[in-house]
Amino acid sequence: MIEIMTYQFFQNALLMAVLASVSSGIIGTYIVVKRMSMITGSISHTAFGGLGISYFLGANPILGALAFSIISALGISSMRNRGERLDIMLSFSWATGMAIGLLFMFITPGYSTDLFSYLFGNILLVRTTDIMLLVVLDIAVVLTTLAMFNSFMSVTFDEEFSVVRNLPVSKIYAVLLSLIAITIVMLIQAVGVVLLIAILTMPAASSRVFCRTIKRMMVLTSLITLSAMVTGLFTSYLTNMPTGPIIVLITSLIYTASLVFDRIKIMQKR
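Model, not experiment: these values are computed from the prediction. (Residues numbered from 1 in each chain as written. Predicted model: local features only at pLDDT ≥ 70, side-chain atom pairs only at ≥ 80, totals over all residues. Heavy atoms only, no water.)

1. What to know about helix α1 (residues 8–34)
Phase 1: Across its 27 residues, α1 extends 38 Å between first and last C-alpha, which sits within 8% of the 39 Å expected from 1.5 Å per residue.
Phase 2: For α1, the principal kink sits at G25 and spans about 25°.
Phase 3: Burial analysis of α1 places 21 of its 27 residues in the buried class, the great majority of the element.
Phase 4: Positive phi shows up at R35, right after α1, with a value of about 60°. (Helix = DSSP H or I, 4+ residues; strand = E, 2+ residues; numbered from the N terminus. Expected span 1.5 Å × (residues − 1). Bend = angle between axes of the 7 residues up to and from the residue. Buried < 20%, exposed > 50% of the residue type's maximum accessible area, 1.4 Å probe, protein only.)

Here's what the structure looks like:
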């Protein structure tokens, strides 16, 4: 097992696991507390449209996914502020993004095996150039969260009171959704569009059982995500199975264990 650590592709995968766990720990906490899992799923599937178009044009798929994700996030925020039917907007973004991605994948010359990996994830395909982009995105998420931590807390826990305090709730919400979009792009190569919503919700939902503050929840969520990704990487190497599904299954086991622990704790109090 030691020899695999000497390969560049595996080192890139481990580095990506560290970078992705930081952002997913922060943003996943907000997603779970604010109950935005369906919004997250919609944005992630919309990103596939950007992946498909970028592949067709010969551009970096990550940049295309980033553009589509942010456009989707801002569109959802705008529709929500106008009081439109959010469920319809989510369904529209979800289906349209996937349809565009699949269409451009079909008309792209050759067999786009890499594009299929974005559907189900393959962290072992991360390149050095991707790592550099992920570092920039990770820094953007961390710095924005630090700068707007109190605003995010206010909007997440009591949006109506935030309005009374004259906070720019719509703008804060748009920024939060944009950070979700950035985090989604960071995780696409690890677990894929189809499974991505799990890695952004289950670790945070697991840590919620053990934490009573947002900051501690973010830290524990990051650690759970990192451990799941690293364990998934080595398990994938030993069993020759796809990394994305294994990582998600590990987070599922951790979440199941947290539910059992929580149930036992509740029964002991009775």
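2. Notes on the side chain of T243
Phase 1: Examined against the element boundaries, T243 turns out to sit in helix α12 (residues 243–269).
Phase 2: For T243, a relative accessible area of 2% translates into the label buried.
Phase 3: Reaching out from T243, the side chain makes a polar contact with the backbone nitrogen of I123 at a distance of 3.5 Å.
Phase 4: Contact partners of T243, with chain neighbours within four places excluded, come to G121, N122, I123, L124, A190, L233 and S236. (Polar contact = N/O pair within 3.5 Å; in protein donor to acceptor, adjacent residues only side chain to side chain. Contact = heavy atoms within 4.5 Å.)

3. A closer look at the packing of aromatic side chains
Phase 1: Scanning the entire structure with this criterion turns up six aromatic pairs.
Phase 2: Measuring from centroid to centroid gives 5.4 Å for F56 and F104, while their planes differ by 70°, and the two rings are edge-to-face. With F56 in helix α2 (residues 37–57) and F104 in helix α4 (residues 86–107), the pair connects residues that are 48 residues apart, well separated along the chain.
Phase 3: Take F56: its relative accessible area is 38%, and that puts it in the partly exposed class.
Phase 4: Residue class for F104 comes out partly exposed when judged on its relative accessible area of 22%.
Phase 5: Taken together, the aromatic side chains of Y7, F9, F10 and F234 make up a single cluster linked through ring pairs. (Phe/Tyr/Trp six-rings, centres within 6.5 Å; stacked < 30°, edge-to-face > 60°.)

4. So, the pattern of salt bridges
Phase 1: Following the criterion strictly, the structure yields two salt bridges and no others.
Phase 2: Two residues, E159 and K34, come together in a salt bridge whose shortest N-O distance is 2.7 Å. Taken together, the residues span a long stretch of sequence, with E159 in helix α8 (residues 159–164) and K34 in helix α1 at a distance of 125 residues.
Phase 3: One salt bridge connects D130 with R127, and the closest N-O pair in it is separated by 3.2 Å.
Phase 4: Note on D130: relative accessible area 1%, which makes it buried. (Salt bridge = Lys/Arg side-chain N within 4 Å of Asp/Glu carboxyl O.)

5. A look at the confidence of the model for the chain
Residues shown with low pLDDT carry predicted positions that ought not to be read at fine detail.
Phase 1: Residues at a pLDDT of 70 or more form 96% of the chain, whose mean pLDDT is 87.
Phase 2: Taking the mean pLDDT of every element in the chain, the minimum, 71, falls on helix α5 (residues 113–120) and the maximum, 94, on helix α10 (residues 202–208). (pLDDT = per-residue confidence, 0-100.)

6. A short note on the environment of F152
Phase 1: Inspection of the secondary structure puts F152 in helix α7 (residues 149–157).
Phase 2: Look past the residues within four positions of F152 in its chain and what remains in contact with it is Y30, T144, T145, I172, V175, L176 and L179.

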